[in-house]
Amino acid sequence: MEHYNMNLTLKVWRQEDSQKKGNFETYKVENISSEMSFLEMFDVLNERLIQENKEPIAFDHDCREGICGACSMYIDGKPHGPWEQNTTCQLHMRAFKDGDTVVVEPWRAKAFPVIKDLVVDRTAFDRIIQAGGYISVNTGNAVDANALPVEKAKADESFASAACIGCGACVAACKNSSAMLFVSAKVTHLALLPQGGPERKTRVVDMIAQMDKEGFGACTSTGACEATCPKGISISNIARLNKEFTLASLLSEK
Amino acid sequence: MLDAKIPAGPLDQKWTEYKGHCKLVNPANKRKLEVIVIGTGLAGASAAAALGELGYKVKAFCFQDSPRRAHSIAAQGGINAAKNYQNDGDSVFRLFYDTIKGGDYRARESNVHRLAEVSANIIDQCVAQGVPFAREYGGLLSNRSFGGTQVQRTFYAAGQTGQQLLIGAYQALERQIALGNVTMYSRHEMLEVVVIDGKTRGIIARDLVTGELERHFGHAVLLCSGGYGNVFYLSTNAMGSNVTAAWKAHKKGAYFGNPCYTQIHPTCIPVSGDHQSKLTLMSESLRNDGRIWVPKKKDDNRKAADIPEEERDYYLERRYPAFGNLVPRDVASRAAKERCDAGYGVGTSKQAVYLDFAEAVIRYGKIECGKQGIDNPSAAVIRQHGLDVVKEKYGNLFDMYDKITGENPYEMPMRIYPAVHYTMGGLWVDYELQTTVPGLYCLGEANFSDHGANRLGASALMQGLADGYFVIPYTIGNFLADEIYNKPVSTDHEAFVQAEKEVSDRINHLMNIKGKQTVESLHKRLGKIMWEKCGMERTAEGLTEAIEEIRQLKKEFWSDVKIPGSISEFNPELDKAGRVADFIELGELMCIDALNRNESCGGHFRGEYQTPDGEAQRDDANYMYVAAWQYKAEHEWELHKEVLNYEVIKPTQRNYK
């Protein structure tokens, strides 16, 4: 792999807090190595801003290995930037070339208010999980793990849905700010396992109700969520969610 | 003399005996007792959920925006359990024995045995929660092997086991939040422990969004705040991982156990330049199938593919025929360093070795072709089938390597090098996981307890969940049973006021330094000192220098650090400054501990103490103890020893040959 250095122009959204109005600021960064990660490029810029007595840019990040789901930049019109199935922290600068202009915004959705600059509040996702995204089993109640065999294909499919990192890129990508991919991944993860059976009907209804309450939009099946999901969560999860929801509504005894 | 409160009786009966006789709290009283949990990784989330289920009033805190983001989520390979589903000779005793031996005979027998005992319950609990572990076609759970063992006892979910286990614990926690048993405080950082009349009675926390300080009462406080690998600046830890909660507790009287025991993981992606902010692990599970090698010739600049088989040195297989590529982490890391230092390293930096899957691809390809009845398959067909198998097993890891390095690991061997990964040291705790401050407990990586001087792969997840789900729910009752007579203390109490003032003064002090050096640059300098002088190989000379350099760095930090912004706003630089200030103090203690321990054991390798063939040379006569350090004053600690008594296992020179 050939390495190279580049100069870039960054247009970054700056916003003091959730109440104030924000705006784009332009920054030039020089001698950026193609081996750096996108966030390391921001580290370099922030170090410079601090030295210049300016406010560094606030952004969420933690594991920097694509699994915690904290990082959340909207880069050149796409959540997590140009690479397929990738998070911002794993985006590396070889995705850009010398002279490029890069626009960086926070996730934009009514349910994800901006806290500062590129940092948003995603606790709505936690509240959706609280509404039913679990199996009600207290510690100590479990039978032997192999007492309940699970068909391998179902276990694999369940795992693929459970791989969601809760970053919110699906919401940010969607023109309606819908959280359907997130909700459907959790519903699918648990619906495919026998352990999830007893709460299957209430779970889907309650999670959808909470989703609506949080102010997420409706799904119009554009598929933008699947196209941006860093973990490749399939839109077929939404089909399953719809099926689960319809069945639960029809069969409801309440 | 430290009392670990180990129950009497034979080793395999201790935990049963303890559970049979510890005090209980009746359900009506549990509702009146408040417990604070700091950190929501595997240990914290499982503890908060389990205690909420029992009916205690729980408050949980994490610095991330959601409890689901704690760094347990990044654990890749798996979780050990003595299930013996493979019928390959595993048992509670074997898991116990492997863990003690892997820890180079520096762990407490009673704790490790309990860990092995509850390991099987963890798998049952996680499956019941809906954790989608890997399964065989018959629908039963699949296992793989990890370093330092000769059985297959590791349960996994592709290369994302930590993620799946944490989401299981997170969901259990969210359920308790929904039920009103747990109150969650995300984007909060604990900055002080409040102690009244010798007992822990609460904390001071800072809301990281508004910058406001808050007082919280608790009859007990559980620190589940993870490890301190970021003292090295570069590590596989998350950027936010820190020692602050544990360090505040240490300065309030909790002893720090074995601070120098650091795990350097052998298979990480090498450093690419000065801009590097963190290092990424390539799971140990890769050593199941990958072979590690360097060229036999020094300074060999040929591409890996151009180096013929007979000119490759599979040094782990050569040095350790019995365990081969699956020797424990400390052994594998030192062996890689030895080869690179001797001039056999690969890549541009020459600080890397190869991890090669070519042979595994062919082996799996042949098996697959056999399964599918393909007669006389061509090399290309075999390779294709083999690649498919490798992809299913390790796909996400290979993708991650590709993204970071820009190299395709299916086509060429990965380059790897050791990196700081885990800290076996931590707050000293007794059998009940209580620190030396009554009412203050420590769970998971934050405590020192179960891994001795080196942790075996897939044991961190096991310990975190064991502590949270199956140990603390029993042991905390033994303390809280006597607390039912004590009403919650008002947070207007003098001790709360005083603690908040101390925190506030310190933050003001930091902000008013207005110096020239950024927090990040000072942290990098600390990391460099630690890595060079308290890293994979330590010497008395280097450590003595390091202590002096760190003291100097501390002076610089407190006179010249530059923090932008203000106190009462979202200010990550200020959060980081507080954490780095604590890392600097911890770094000094780590060097003091490493200097005190005149032997090599596990991850602590002192250059002066090695066998003729370069293995760690223990000194059981003089150092078979846990070093528990009590904070006295700046630069001053007092050493307390917990002597380790091996009643069942006879310590020997570790041998993986």
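What you are looking at is a predicted structure, and each value in this text was computed from that prediction instead of being measured.

Basis of the calculations
- Residues numbered from 1 in each chain as written.
- Chains lettered and ligands numbered in written order.
- Predicted model: local features only at pLDDT ≥ 70, side-chain atom pairs only at ≥ 80, totals over all residues.
- Buried ≥ 20, exposed ≤ 12 C-beta atoms within 10 Å, placed from the backbone.
- Helix = DSSP H or I, 4+ residues; strand = E, 2+ residues; numbered from the N terminus.
- Contact = placed C-beta atoms within 7 Å.
- Pairing = 2+ DSSP bridges.
- Core = buried A, V, L, I, M, F, W, Y, C linked by C-beta atoms within 7 Å.
- Axes fitted to C-alpha atoms, helices over the stretch in contact; angles between N-to-C directions.
- Parallel < 35°, antiparallel > 145°, perpendicular 65-115°, else oblique.
- Left-handed = near helix turned anticlockwise from the far one by under 90°.
- Nonpolar A, V, L, I, M, F, W, Y, C, P; charged D, E, K, R; others polar.
- Domains from an automatic or database assignment.
- pLDDT = per-residue confidence, 0-100.

### Section: helix H4 (residues 92–102) of chain B
Residue and element names in this part refer to chain B.
Link 1 in the chain: Along H4, the residues that are buried comprise Leu95, Phe96, Asp98, Thr99, Ile100, Lys101 and Gly102.
Link 2 in the chain: Here the buried face of H4 lies against strand S3 (79–80) and helix H5 (109–129).
Link 3 in the chain: Remark: aspartate 104 follows H4 within two positions and exhibits a positive phi of approximately 55°.

### Some thoughts on the pairing of strand S20 (residues 625–633) of chain B
All names here are of chain B.
Link 1 in the chain: For strand S10 (residues 256–257) and S20, the ladder comprises two bridges, and the chain directions are antiparallel. Residue pairing across strands places glycine 257 opposite alanine 628, the latter belonging to S20.
Link 2 in the chain: Summarising the sheet, S20 and strand S21 (residues 636–643) pair through eight bridges and their orientation is antiparallel. The partner of alanine 628 across the bridge, within S21, is histidine 640.
Link 3 in the chain: Counting the residues that bridge the hairpin from S20 to S21 gives two residues, and of these histidine 635 lies at a positive phi of roughly 65°.

### Thoughts on the nonpolar core
Side chains of a nonpolar character, in soluble globular proteins, are inclined to be buried together.
Residues and elements named next belong to chain B.
Link 1 in the chain: Ranked by size, the top nonpolar core spans 281 residues in total, and within it Leu222, Leu223, Val353 and Leu427 carry the most contacts.
Link 2 in the chain: Ranked by residues supplied to this core, first place goes to helix H16 (residues 572–596) with 13 residues.
Link 3 in the chain: Filtering out sequence-adjacent residues up to four positions away, valine 353 remains in contact with Ile292, Trp293, Val294, Ala336, Arg339, Cys340, Gly345, Val346, Ile416 and Tyr417.

### Focus on the sheet that holds strand S1 (residues 34–38) of chain B
Residue and element names in this part refer to chain B.
Link 1 in the chain: Strand order in the open sheet formed by five strands is S5-S2-S1-S9-S17, with parallel pairing between adjacent strands. Edge strands, defined here as strands with exactly one partner in the open sheet, are strand S5 (182–185) and strand S17 (440–442). Going from strand to strand, the sheet's axes swing by 20° on average, the running direction of each strand aside.
Link 2 in the chain: Where strand S9 (residues 220–223) lies against S17, three bridges are found, and the strand directions are parallel. Note that in S17 the partner of valine 221 across the bridge is leucine 440.
Link 3 in the chain: Sheet strands in contact with helix H12 (residues 460–480) are S9 and S17, and its direction is about 150° off that of S9.

### Points about the sheet that holds strand S3 (residues 74–75) of chain A
Residues and elements named next belong to chain A.
Link 1 in the chain: One open sheet holds the five strands; their spatial order is S2-S1-S5-S3-S4, and the pairing between them is mixed. Edge positions in the open sheet fall to strand S2 (23–33) and strand S4 (78–79), since each of these has one partner strand only.
Link 2 in the chain: Bridge analysis of strand S1 (residues 5–14) against strand S5 (residues 101–105) gives four bridges, and the strand direction is parallel. Its bridge partner lying in S5, leucine 10 is registered against valine 102.

### Brief notes about the packing of helix H3 (residues 42–54) of chain B against H12 of chain B
All names here are of chain B.
Link 1 in the chain: Interaxial distance between H3 and H12 falls to 8 Å at its minimum, and their mutual angle equals 20°. By the angle between their axes, H3 is roughly parallel relative to H12. Seen from above, H3 lies across H12 with right-handed handedness. Here Leu42, Ala43, Gly44, Ser46, Ala47, Ala50, Leu51 and Leu54 of H3 come into contact with H12, specifically with Leu461, Gly464, Leu465, Asp467, Gly468, Tyr469, Ile472 and Pro473.
Link 2 in the chain: Of the residues belonging to the contact of H3 with H12, the class tally is 11 nonpolar, four polar and one charged.

### Thoughts on the domain arrangement of chain A
Residue and element names in this part refer to chain A.
Link 1 in the chain: If you check the domain split of chain A, you get domain 1 (5–115) and domain 2 (123–251).
Link 2 in the chain: On a C-alpha basis, the centres of domain 1 and domain 2 stand 29 Å from each other.
Link 3 in the chain: Contact residues are listed per partner, giving 18 residues for domain 1 and 17 residues for domain 2.
Link 4 in the chain: For the side of domain 1 that touches domain 2, the per-class residue count stands at eight nonpolar, seven polar and three charged.

### Quick notes on the confidence of the model for chain B
Link 1 in the chain: Of all residues in chain B, 100% attain a pLDDT of 70 or more, and the chain-wide mean is 96.
Link 2 in the chain: Two summary scores accompany this predicted model of the complex, namely pTM at 0.97 and ipTM at 0.98.

### Some details on the domain arrangement of chain B
Residues and elements named next belong to chain B.
Link 1 in the chain: By domain assignment, chain B separates into domain 1 (267–419) and domain 2 (494–621).
Link 2 in the chain: The gap between the C-alpha centroids of domain 1 and domain 2 is 34 Å.
Link 3 in the chain: Listed as interface residues are six residues of domain 1 and, on the opposing side, five residues of domain 2.
Link 4 in the chain: The class makeup of the residues in the side of domain 1 that touches domain 2 is one nonpolar, one polar and four charged.

### Quick word on unusual backbone geometry
Link 1 in the chain: At arginine 64 of chain A, a residue that is not glycine, the phi angle is positive and equals roughly 55°.
Link 2 in the chain: Looking at the secondary structure, you find arginine 64 of chain A in the loop between helix H1 (38–51) and S3.
Link 3 in the chain: Accessibility expressed as a C-beta count within 10 Å gives 26 for arginine 64 of chain A, which makes it buried.
Link 4 in the chain: Unlike most non-glycine residues, aspartate 104 of chain B shows phi in positive territory, near 55°.
Link 5 in the chain: Here aspartate 104 of chain B is to be found in the loop between H4 and H5.

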